[in-house]
Amino acid sequence: MLPTVTGRFDDGSAYQVQVTGDADRPVVGSVRAAALVELHTGESIALTPTGPLRTVAGDDEKAVLAVLRRYTNIIDKG
């Protein structure tokens, strides 16, 4: 079962995505969230507030979740 994330962007727009773990399509359900993940692919991101750092890749579910956590307000992660 794919993890589902519900959240809001800074402008208040809501989204819901499923994190796929697929490098070609890391999230499905929101074009804007998918573009956000794609924009940060290849950058380093902290998996938790204190680390460790990991390079964002579409097939790395933890890194994709870290991008969503850092750049949006996650309401629910199921």
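Residues numbered from 1 in each chain as written. Predicted model: local features only at pLDDT ≥ 70, side-chain atom pairs only at ≥ 80, totals over all residues. Heavy atoms only, no water.

S.K.: Can you lay out the environment of Gly29 for me, pointing to particular residues and giving the numbers?
M.R.: Within the secondary structure, Gly29 sits in the loop between β3 (27-28) and α1 (31-40). Taking the relative accessible area as the measure of exposure, Gly29 reaches 69% and is therefore exposed. Gly29 sits 19 residues away from Asp10 along the chain, and the two C-alpha atoms are 18 Å apart. Other than its neighbours up to four places away in sequence, Gly29 contacts Gln16 and Val17. (Helix = DSSP H or I, 4+ residues; strand = E, 2+ residues; numbered from the N terminus. Buried < 20%, exposed > 50% of the residue type's maximum accessible area, 1.4 Å probe, protein only. Contact = heavy atoms within 4.5 Å.)

S.K.: Please give an account of the environment of Leu53 that cites residues and values.
M.R.: Topologically, Leu53 is positioned in strand β5 (residues 53-55). Residue Leu53 is classed as exposed on the basis of its relative accessible area of 66%. Here the alpha-carbon distance between Leu53 and Glu43, two residues 10 residues apart in the chain, equals 9.7 Å.

S.K.: Could you give me a rundown of unusual backbone geometry, with the residues and numbers involved?
M.R.: Residues Gly51 and Pro52 are joined by a peptide bond in cis, for which omega reads 5°. Relative to the elements of secondary structure, Pro52 occurs in the loop between β4 (44-46) and β5.

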